[in-house]
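So you can see what is in the structure, the chains are spelled out below.
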Amino acid sequence: MEGPAAVLDKAIEAAGGLDNLKAKLAAVTIDSEGTFFGKPYKATTYWMAPDRMVINIVEMEMAMGYTPEACWSTMGEIVVDCMKEEQEYSGEGLSYMHAMNLYALKDEGVQAEAAGESDLGGTAAVGVKVSGGFLKMPVTFFFAKDSGLLLKATYDGHFGMEQGTIEYVYSDHKDFDGVKLPGASTMTLNGKEIMTEKVLAVKLGEVDETKFAKPAQAPFGVAAAKMMSAQTVAVTKVIGPYDKIGEGVGALMGWVAQKGLMPMGAPMMVYLKGPGDTQNPEEFETELWLPVAWLGDRPADEEVFQIRDVPATEVVWRLEQGPFEQVSTHFGELATWASENGFELAGPPAMAAFSDPSNTPPEQLLNALLFPVTTKQ
C-alpha cells in the first residue's frame, strides 16, 4: 500500500497539480444550491486562503462572515457579531476549507499518517489522517484508490453550538478551469444529515476583497416596514415580572438542546400582556420564541414547551441599542409611525434580542422592536 505522502501527492495531481491548485484555489467564488436541515437554499461562497470566507444566502437575507478580524452574520439589514464560542469554533471550519483544497497539506508542519483502506459505495478508498501546521484539529481524508479523487473527509469538531463527528461525502467531480473539484457533497453531524450541496458555478483565482468586509449596521431608531419570513419556533411562556424572562430564555434554550434542535435565529419576546393591560407585574404574560430546525421527526409538544409554525408576517420595526428597559420605551414611537404611514397594528409588540446579556454590556445590547401590521383599508 502506498504511503500517506504518496497518496496525497496522487490526490493533488488528480485535482490539477500542486502549482495549479495553489494559483487557482487561493481565491474562489462558488455558486451552489442544496438543502440545509431539509430546507432548500441557494448561496454564493467567497473564499480567500487561508482564513477568509463569506457565505451569502440571498433569498433568506442571510450572510455569514469569518475572517481574522471579525466573525459576523446578517439577518436582513441587521449585523450581529458571533457569540464568543462561535468565533472560537469558526477556525475549525476555516482550516478544514483550507485543507480540502489539498495543496495546503504540503505546508511545513502538516503531518500525514495512513488511515487504512475502505469501501465507499463500491469504490476502493485509501485514508490519510493529517494534523499539525495550520490545522485546528486532525482531519481524515479518503481518496479513490484508482483515481486519487477526494471522496470523504471526517473530523471531530463543532457545528454551530453542537459538538461531534462532522463528515463530508463528495461526488460528481467536474473540471473547473483545469481544477477537478467535487460537484456535489453531503454533510452529516454525528451521522445525521445537515446539508446537501450541488455546485452550480465556480470562479477560480480571484475574489473581490470587499466581499470580506463586515457590512455596515442598520441605523438605530429608524422605523421601516418589511415582510418577516415564515419560520418555525420553539415556544414557552413566562408569567410574571420581566426579570423572569432571562430564566425563561435559559429554560427554552435548555429544552432546545435536550431535543437536539438547532437554533436558527435570534430569540424573540412577544409581550402578550404588559403594563398597558395590568398594573400587576405578576400578571404579565410574555411568550418566548426561538427559531429552530431539526433532523428527523418533529419534536412533540409538551406542557411548557411547544413547536409552532409562524407564517410570513408583515411587520413594522426599528433597531435599537441599549438596556431592555430603555429600548422598550420606543414601542409607542413605533406604533405612532405605523399609524402615520398607513398601517394598523395586528398583534402584540415583540422584541428580538441579538446579543447575549450575560456577556454584553447593557449599553451595547442589540434589539429590534416589532409590531405585526396590516395595511389600512
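Starting afresh in each chain, residues are numbered from 1 along the sequence in its written order. For a predicted model such as this one, the threshold for reporting local features is a pLDDT of at least 70, and the threshold for listing and counting side-chain atom pairs is 80 or more; totals across whole chains, interfaces and linings nevertheless cover every residue. Just so you know, side-chain values use all the structure's heavy atoms and leave hydrogens and water out.

1. Details of the overall build of the protein
In this description a helix means any DSSP run of H or I spanning at least four residues, a strand means any run of E spanning at least two, and both kinds are numbered starting from the N terminus. Helix and strand content of the protein: six helices and 23 strands. Across its three principal axes, the protein shows a C-alpha extent of roughly 80 × 40 × 40 Å. Exposed residues in this analysis have more than 50% of their type's maximum accessible area, buried residues have under 20%, and partly exposed residues fall in between, with area computed by a 1.4 Å probe over protein chains only. Relative to its 377 residues, the protein shows a buried fraction of 45%. If you take every contact in the protein between residues at least 6 apart in sequence, the share linking residues at least 24 apart comes to 58%. In these tables, accessible area is a Shrake-Rupley quantity obtained with a 1.4 Å probe, and a residue counts as shielded only by the protein chains included in the view. Split by element, the accessible area of the protein, about 18,300 Å² in all, is 52% carbon and sulfur. In this tally, Lys and Arg are treated as positive and Asp and Glu as negative; His is ignored, and so are the chain termini. Charge positions come from single atoms, namely NZ of Lys, CZ of Arg, CG of Asp or CD of Glu. On the protein, the mean spot of the 28 positive side-chain charges and the mean spot of the 53 negative ones are 4 Å from each other. Should any heavy atoms of two residues lie within 4.5 Å, those residues are counted as being in contact.

2. Overview of the state of the cysteines
We call a pair of cysteine sulfur atoms a disulfide whenever their separation is within 2.5 Å. Under the criterion given, the structure shown has one disulfide. One disulfide bridge connects Cys71 with Cys82, the sulfur atoms lying 2.0 Å from each other. Looking along the S-S bond of the Cys71-Cys82 disulfide, the torsion reads about -75°, which is the left-handed sense. Taken together, the positions of Cys71 in strand S5 (residues 71-75) and Cys82 in the loop between strand S6 (78-81) and helix H3 (84-100) put the pair eleven residues apart, joining distant regions of the chain.

3. Some details on the environment of Phe37
Inspection of the secondary structure puts Phe37 in the loop between strand S1 (27-36) and strand S2 (39-48). Accessibility expressed as a relative area gives 9% for Phe37, which makes it buried. Once residues lying within four places of it in the same chain are set aside, the contact partners of Phe37 are Phe159, Ile194, Met262, Ala293, Trp294 and Leu295.

4. A short note on the pairing of strand S13 (residues 192-204)
Summarising the sheet, S1 and S13 pair through nine bridges and their orientation is antiparallel. Within S13, the position partnered with Asp31 by the bridge is Ala201. In terms of strand pairing, strand S12 (residues 179-189) meets S13 through six bridges, oriented antiparallel. From the neighbouring strand, Ala184 faces S13, where its bridge partner is Lys198. We treat two strands as partners when DSSP finds at least two bridges between them.

5. Describing the packing of aromatic side chains
Only Phe, Tyr and Trp rings are paired, with Trp represented by its six-membered ring, and only when their centres lie within 6.5 Å; those with planes under 30 degrees apart are stacked, over 60 edge-to-face, the remainder tilted. Across all of its chains, the model carries 13 aromatic pairs by this definition. Each ring, one from Tyr96 and one from Tyr168, has its centre 5.0 Å from the other, and the planes form 10°; the classification is stacked. Here Tyr168 lies in strand S11 (residues 162-176) and Tyr96 lies in helix H3, a separation of 72 residues in the sequence. Both residues of the pair, Tyr96 and Tyr168, belong to the buried class. Centre to centre, the rings of Phe141 and Phe143 are 6.1 Å apart; their planes meet at 25°, and the pair counts as stacked. An aromatic cluster is built from Tyr96, Phe141, Phe143, Tyr155, Tyr168 and Tyr170, whose rings are joined through pairwise contacts. Charge over a ring is defined by NZ of Lys or CZ of Arg lying within 6 Å of the ring centre and within 35 degrees of the ring normal. One Lys or Arg, Lys226, reaches over the ring of Trp317 and ends 4.7 Å from the middle of that ring.

6. Some remarks on the pairing of strand S10 (residues 150-159)
Taken across its ten residues, S10 has nine buried, putting it largely inside the fold. Relative to S10, strand S9 (residues 139-144) runs antiparallel, the two being bridged by four bridges. Bridged to Phe141 within S10 is Ala153. Hairpin remark: S9 followed by S10, antiparallel, with five residues in the connecting loop; positive phi at Gly148, about 85°.

7. Observations regarding the side chain of His173
Note on placement: His173 falls in strand S11. There is a polar contact of 2.7 Å between the side chain of His173 and the backbone oxygen of Leu150. Non-local contacts of His173, meaning those with residues more than four positions away in its chain, are made with Leu149, Leu150, Leu151, Lys180, Leu181, Pro182 and Gly183. Polar contact criterion, stated in full: a pair of N or O atoms within 3.5 Å, where within protein one must be able to donate a hydrogen and the other to accept it, and residues adjacent in sequence count only if both atoms are side-chain atoms.

8. Section: the nonpolar core
Tyr96, Val130, Val139, Phe141 and Phe143 are the most contacted members of the largest nonpolar core, which has 52 residues in total. Of all the elements, helix H1 (residues 4-15) adds the most residues to this core, at five residues. Apart from the residues lying within four places of it in its own chain, the contact partners of Phe143 are Val7, Leu8, Ala11, Leu102, Ala124, Ala125, Val126, Val128, Gly148, Leu149, Leu150 and Leu151. Among the nonpolar cores identified, the runner-up in size contains 27 residues, and Val238, Val256, Leu369 and Val373 belong to it. Only buried Ala, Val, Leu, Ile, Met, Phe, Trp, Tyr and Cys residues count toward a nonpolar core, and they belong to the same one when joined by side-chain atoms within 4.5 Å.

9. Remarks on the pattern of salt bridges
Note on definitions: salt bridges are taken to be side-chain nitrogens of Lys or Arg within 4 Å of carboxyl oxygens of Asp or Glu. Under the defined criterion, the tally for this structure stands at 14 salt bridges. Notably, a salt bridge pairs Lys237 with Glu285, separated by 3.6 Å at the nearest N-O pair. In this pair, Lys237 sits in strand S15 (residues 231-239) while Glu285 sits in strand S18 (residues 285-293), placing the two residues 48 residues apart along the sequence. Of the residues examined, Lys237 reaches a relative accessible area of 41% and is grouped as partly exposed. The class of Glu285 is partly exposed, set by a relative accessible area of 23%. Beyond isolated ion pairs, a larger network of salt bridges with shared partners links Arg318, Glu320 and Glu333.

10. Digging into H3
Structural remark: α-helix, 3.6 residues per turn; residues separated by three or four positions point the same way. Working rule for helices: expected span equals 1.5 Å times residues minus one. Between the first and last C-alpha of H3 there are 26 Å, a value that for 17 residues agrees with the 24 Å anticipated at 1.5 Å per step. Of the residues making up H3, those classed as buried are Ser90, Gly91, Glu92, Leu94, Ser95, Tyr96, His98, Ala99 and Met100. Looking at the buried side of H3, the elements it contacts are S2, strand S3 (52-57), strand S4 (62-66), S9, S10 and S11. Positive phi shows up at Leu102, right after H3, with a value of about 70°.

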